[in-house]
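Topology and contacts: notes
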Amino acid sequence: QEARLSVVYSLPATNDLMQSYFAFVEDVNANGAGILQIDLRGGTEILPRNEQMNAVSRGIIDLYFGPAGYYQRQVPELTPLDAAAVPADKLRAAGLHDAIDAGTRERAGVAFLGAMGTGYNFQFYTITEPKIDDDGTMDFSGLKIRGGASYDPMYQALGIARVDVPAGDIYTALERGLVEGIGFTTIGVSSGGWQDFLRYRIFPTWRQGNTIIAANAAKFDGLTEEQRAYLMEMIQKHEMLAYDAAKALEAVDTAALAEAGVQDVVLEGAGAAEVTAAFQDTFWVNVAETLGEDAAAKYRAIIDAANGS
Amino acid sequence: MLMEWWEAALLMLGMVIGLMALCVPVAFAFLIANLIGAYIFMGGLIGVEQLVANTGEAVSSFVLVTVPMFVLMGNLFFHSGIALKIIETLDRSMGRSTGRLSYISVLCGTIFAALSGSNMANTAMMGGLLLPQMEERKYQRHMSIGPIIGSGGLALLIPPSTLAVLLGSIAQISIADLLLAGVLPGLVLALLYVATIWLQLRRNPQAAPAYDVVTAPFWEKIRLICTYILPMSLVVFCVVGLILLGITTPSEAAAFGVLSVLVLSILYGRFSWDMVAKSLEGTLRVSVMVFFIIIASKTFSQVLAFSGATSGMIAWATSYEFAPITMLLIMFVVLLILGMFVDAISMMLLTIPIFFPIAAAMGFDPIWFGLVMLLAIEMSGTTPPFGLLLFVMQGVAPPGTTYWTIVRAAAPYLICDLILLVGLIAVPALALWLPGLRF
Amino acid sequence: MNGFWRGFDKLLNGLAIFAALIIPFMFVSIVYDVTTRTLRMFQINWVVAITEYALLYATALAAPWLLREKGHVSMEALRTLMPARVTGPIEKAVVVLCAVACAIVTAFAIPITIQNIGVGDMRANFLDRWLLFVPVVICFALCTVQFIRMLVTRESLYKGVSADQEGL
Ligand code: NA
Ligand code: NA
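Rules of the game
- Residues numbered from 1 in each chain as written.
- Chains lettered and ligands numbered in written order.
- Predicted model: local features only at pLDDT ≥ 70, side-chain atom pairs only at ≥ 80, totals over all residues.
- Heavy atoms only, no water.
- UniProt positions renumbered as here; feature names shortened; annotations may be inferred.
- Helix = DSSP H or I, 4+ residues; strand = E, 2+ residues; numbered from the N terminus.
- Rg over C-alpha atoms; globule rule 2.2 N^0.38 Å.
- Contact = heavy atoms within 4.5 Å.
- Areas by Shrake-Rupley, 256 points an atom, 1.4 Å probe, with all protein chains shown as cover.
- Lys, Arg positive; Asp, Glu negative; His and termini not counted.
- Charge placed at Lys NZ, Arg CZ, Asp CG, Glu CD.
- Donors = N, O, S within 2.8 Å, 3.2 Å for Na, K, Ca; no water.
- Buried < 20%, exposed > 50% of the residue type's maximum accessible area, 1.4 Å probe, protein only.
- Disulfide = S-S within 2.5 Å.
- Buried area = accessible area lost by both parts, 1.4 Å probe.
- Salt bridge = Lys/Arg side-chain N within 4 Å of Asp/Glu carboxyl O.
- Polar contact = N/O pair within 3.5 Å; in protein donor to acceptor, adjacent residues only side chain to side chain.
- Nonpolar A, V, L, I, M, F, W, Y, C, P; charged D, E, K, R; others polar.
- Patch = residues over 30% accessible without salt bridge, like charges linked within 9 Å, V, L, I, M, F, W, Y side chains within 5 Å.
- Axes fitted to C-alpha atoms, helices over the stretch in contact; angles between N-to-C directions.
- Parallel < 35°, antiparallel > 145°, perpendicular 65-115°, else oblique.
- Left-handed = near helix turned anticlockwise from the far one by under 90°.
- Pairing = 2+ DSSP bridges.

Chain C is annotated in an unreviewed UniProt entry as TRAP transporter small permease protein of Dinoroseobacter shibae. According to the UniProt record, the Function (unreviewed entry) comment for chain C is "Part of the tripartite ATP-independent periplasmic (TRAP) transport system." As its UniProt record puts it under Subunit (unreviewed entry), chain C is described as follows: "The complex comprises the extracytoplasmic solute receptor protein and the two transmembrane proteins."

Below, the structure written as structure tokens:
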């Protein structure tokens, strides 16, 4: 008998990152007649963003598509994904998916099925020219950079003055120079039209994307062996297609930014190390605080192994 | 439980309209329909649980802070007596003329549209500010409420406009171009509103009676204008100036508008704690009434969308192939119908992914089409049964002003919106000329 | 019973005053945040998160007071079209319906509040999500009581408008 899974997503349907999910759904439905069909129910117009994972947990809807980042404080077991730096297949081989899945099942009755967000990263973009000291580090202190609360530890480590600007106001904030930069993904900047105001793109990037596929655990477990196998096969295929798509989108944004005259500033040596450390060091401290030392160490071991593979 | 989309739509809308007809307060009518809808469409009791969880999210959104701030600004203007002084000054410098305050409403509405991106905030503020003056001067309701509710909507077309920015980013079109595209149509709309007032006055001059004022001598006029009109530029600066200087975001700017009115009231010697307390009470009444309706109607939009009623309607309406102009009108009508029941952001999330590809296939300019959508959203604030501006106006209007009075007063201004739509179709340059100058 | 309602009125008034004070609090914190940000000194970054909660608190805590004050909008005009003998029973039914709806929301909001103890909110590190549901519980519990009061004391839900004001 054919199973039907309903989906809620937290990004607008027109968002670049959503296109990989839509391709996945199309593929599943085209080849899954008689086995499994996926039903896109809608986005934040059907369930508010902060409640979508709860709705999956309650079993009102079967699948969640979108960033894991929105639920890092509700389901902290999703957090370790951020420290990964390699494509999804390597993470899966190293056992990260299984480890997160075990954690999210216990916390919220949610099964972690796939990481669709490998392939793009986070980095700084600034309006003002970066001040690079003699030792190659960039002077971030006092810079007004837009970011949500989740950026707090890292921004504090770098001395950045985090400015909380709601999404609808980012455009004006950049246009008028209210903030001097943003921390954002390597893709999607040109969709917001922000390249008109941003002048510098700062490397290195500091972490990978974290868009995911999650499911109501009971619903997933209730599928037949064949249905589960088909779904997981498709997810593994599309994790890597999403990786490729993100790389292609990165190229689109790079071209758009170059055309708008945005310059790349590549920090090296101590400068690169400072940015990387500001994320990694504060990151694992926070994971240890929310999940405990043991769990943090366990996740870190898996991720270090994957990142080194 | 599977239903056809139209069965779900009929059930949900039928419940709300039926409950409202029984005189259940609007917010509670939505709430009752939500509870039943969630039970039916979202899987029984867990659906009800989810619905209740959603209520916590509905108004906890920073951009909504402009509503209490602008309403507070209007209340301070009113309770400090500065508003009265400004109107007296205008009276004494303009002399006797019919319907003056109606025209002033449109002027104020246009200026405030350039200050704020929220149609609800502007309508509430101007309603609280000008309506009492107009009542006192025996204006009929359609000459007082109409111009205010009509021009309150201009906030969405004339930048800054939060909804235009959201529309631009969801549709992935140039936000700068979309904001610029709204300027001329917004001004044209204001002119159409002026023409509407003029026509209504020609039919019945007693609807907004002229009243005798002693026109001030020249130097007195100058003195009055310097004392009461010029200082208003401080308010404009504190809102628009601080945005342009990169000091505040559009959402934060309203707080500085409040600050500027407080400073003015001190300078005029009209500051008192009693005045502040009255202003706060007025602000609380309006904001709570509006936000309570937003909580209930936003969750209603969600249950309606969850049931598949809205997406079903959109898919059905766009499933036929017609000529571009027919297709445009179909999409516009769909937006108008959705706008009667669904909040603006949900409406954009639902329709943009479907409408923009259709618009592209029909050869419409995306910025132009974005503006047409914005116009439909602007209209949705005033379309019964669930136009939010209608409820806002009912909340600020004098006791005894009924919903139907407001609906009727607003109707001619909706016709102006339709005339603008025809104008945009006939002369796309109306929208596209300004953005075209950018390059 | 009168003593109970007097105390209840005091509670509603107290909550409304608290809600009213939230408005200047939002105003001052936004002005303070923008000023210090512009001057680059003593920067704070909790204003957006706190304001989002404050909007909900102001709404939820003052809504029962507004209900008593008859400040919630309704299509009162239609009552003048109804035959006089049915308006009374219909109003009673409406009040019962509203009371039941508010009681249901309260009943569901209490366990949700408890479930969210210790669950963080992405908006800020210091906010827990149960704080989002406490005002919902208070709001709908008090609205339930206020609707029941309307049944008991026969106080009308409506401001009362006459037919000629309707223009119908
Ligand atoms: Na209008
Ligand atoms: Na505006």
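Once you've had a look at it, read on.
**Points about the overall build of chain C**
Along its length, chain C carries five helices and two strands. If you list the helices and strands of chain C from N to C, you get α-α-α-β-β-α-α. Compactness check: chain C gives a C-alpha radius of gyration of 20 Å against a globular reference of 15 Å for 168 residues, more than 25% above the reference. Principal-axis analysis of the C-alpha atoms gives chain C an extent of 65 × 40 × 30 Å. Of all intrachain contacts in chain C linking residues separated by at least 6 positions in sequence, the fraction that spans at least 24 positions is 75%. For chain C, the exposed surface amounts to about 7,300 Å²; the carbon and sulfur share of it is 68%. The positive charge centre, built from 14 side chains, and the negative charge centre, built from 11, are 4 Å apart in chain C.

**Side note on the coordination of the sodium ion (ligand 1)**
Residue and element names in this part refer to chain B. Taken together, Gly150 (O), Tyr193 (OH) and Glu378 (OE) make up the protein donors of the sodium ion (ligand 1), found 2.4 to 2.7 Å from the metal. All donors of the sodium ion (ligand 1) belong to a single chain; written as a sequence motif, their spacing is G-x42-Y-x184-E. Remark: Glu378 occurs in helix α20 (residues 366-380) and Gly150 occurs in helix α8 (residues 141-152); sequence separation between them is 228 residues. Of the two residues, Gly150 and Glu378, both sit in the buried class.

**Let's talk about the state of the cysteines**
Following the criterion strictly, the structure yields zero disulfides over all chains and no others. The thiol of Cys23(B) is not disulfide-bonded; the next cysteine sulfur, from Cys98(C), is found 11 Å away. Overall, Cys23(B) belongs to the buried group, its relative accessible area being 0%. Summary of cysteine pairing: Cys102(C) is not part of a disulfide, and the nearest cysteine sulfur, belonging to Cys143(C), is at 4.9 Å.

**A short note on the interface of chain C and chain A**
Accessible area lost upon the coming together of the parts serves often as the stated size of an interface. On the chain A side, the residues contacting the 20 residues of chain C number 22 residues. For the pairing of chain C and chain A, the buried interface totals around 1,700 Å² over both sides, and the portion due to carbon and sulfur atoms is 42%. Sorting the residues of chain C by area buried against chain A places Arg37(C), Asn45(C) and Met122(C) first, and these three jointly supply 38% of that buried surface. At the boundary of chain C with chain A, the tally comes to two salt bridges. Across the pair Glu180(A) and Arg40(C) runs a salt bridge, and its minimum N-O distance is 2.3 Å. On the surface where chain C and chain A come into contact, there are nine residue pairs in polar contact (both at pLDDT 80 or more). At the level of secondary structure, the elements contributing two or more residues to the side of chain C that touches chain A comprise α1 (2-39), α3 (84-115), β1 (120-121) and β2 (124-128) of chain C. Counting residues per element, the side of chain C that touches chain A draws most heavily on β2(C), at five residues. The residue inventory of the side of chain C that touches chain A, partitioned by class, reads eight nonpolar, six polar and six charged.

**Some remarks on a nonpolar patch on the surface**
All names here are of chain C. Together, Val96, Val100, Ile104, Ile148, Leu151 and Val152 line one region of the surface with nonpolar side chains, adding up to about 430 Å² of accessible area. Mapped onto the nonpolar patch, the elements with two or more residues apiece are α3 and α4 (130-153). With respect to the helices and strands, the residue Val152 is situated in helix α4.

**Considerations on the side chain of Asp169(A)**
For Asp169(A), the location among the structural elements is in the loop between β7 (161-163) and α6 (170-175). Buried and unpaired, Asp169(A) has no salt bridge, with Arg37(C) as the nearest side chain of opposite charge at 9.1 Å. Beyond its immediate stretch of four places on either side in the chain, Asp169(A) contacts Thr249(B), Pro250(B) and Ser251(B).

**Quick look at the environment of Ile138(C)**
Residues and elements named next belong to chain C. With respect to the helices and strands, Ile138 occurs in helix α4. Sequence spacing of Ile138 and Ile110 is 28 residues, and the spatial spacing of their C-alpha atoms is 9.6 Å. Beyond its immediate sequence surroundings of up to four residues, Ile138 is in contact with Leu15 and Leu61.

**Notes on the packing of helix α4 (residues 96-108) of chain A against helix α10 (residues 293-308) of chain A**
All names here are of chain A. Closest axis-to-axis distance for the α4/α10 pair is 10 Å, and the angle between their directions is 155°. Taken together, the axes of α4 and α10 lie roughly antiparallel to each other. α4 and α10 meet at a crossing whose hand is left-handed. Note on element contacts: α10 touches α4 through Tyr299, Ile302 and Ile303, opposite Leu96, Ala99, Ile100 and Gly103. Partitioned by chemical class, the residues of the contact of α4 with α10 number six nonpolar, one polar and no charged.

**A short note on the sheet that holds strand β1 (residues 3-9) of chain A**
Residues and elements named next belong to chain A. Across the sheet, five strands lie side by side as β2-β1-β3-β10-β4; this open sheet has mixed pairing. Since the sheet does not close on itself, it has two edges, and those belong to β2 (36-42) and β4 (110-115), each with one partner. If you compare each strand with its neighbour and ignore which way they point, the axes differ by 30° on average. When strand β3 (residues 63-67) meets strand β10 (residues 211-216), the two strands line up antiparallel, connected through five bridges.

**Considering the sheet that holds strand β9 (residues 200-208) of chain A**
Residue and element names in this part refer to chain A. Reading across from one edge, β7-β6-β8-β5-β9-β11 is the order of the six strands in this open sheet, with mixed pairing throughout. Among the strands making up the open sheet, the edge pair consists of β7 and β11 (263-266). Each strand axis lies, on average, 35° off the axis of its neighbour in the sheet, ignoring direction. Here strand β5 (residues 121-126) pairs with strand β8 (residues 181-185) via five bridges, running antiparallel.

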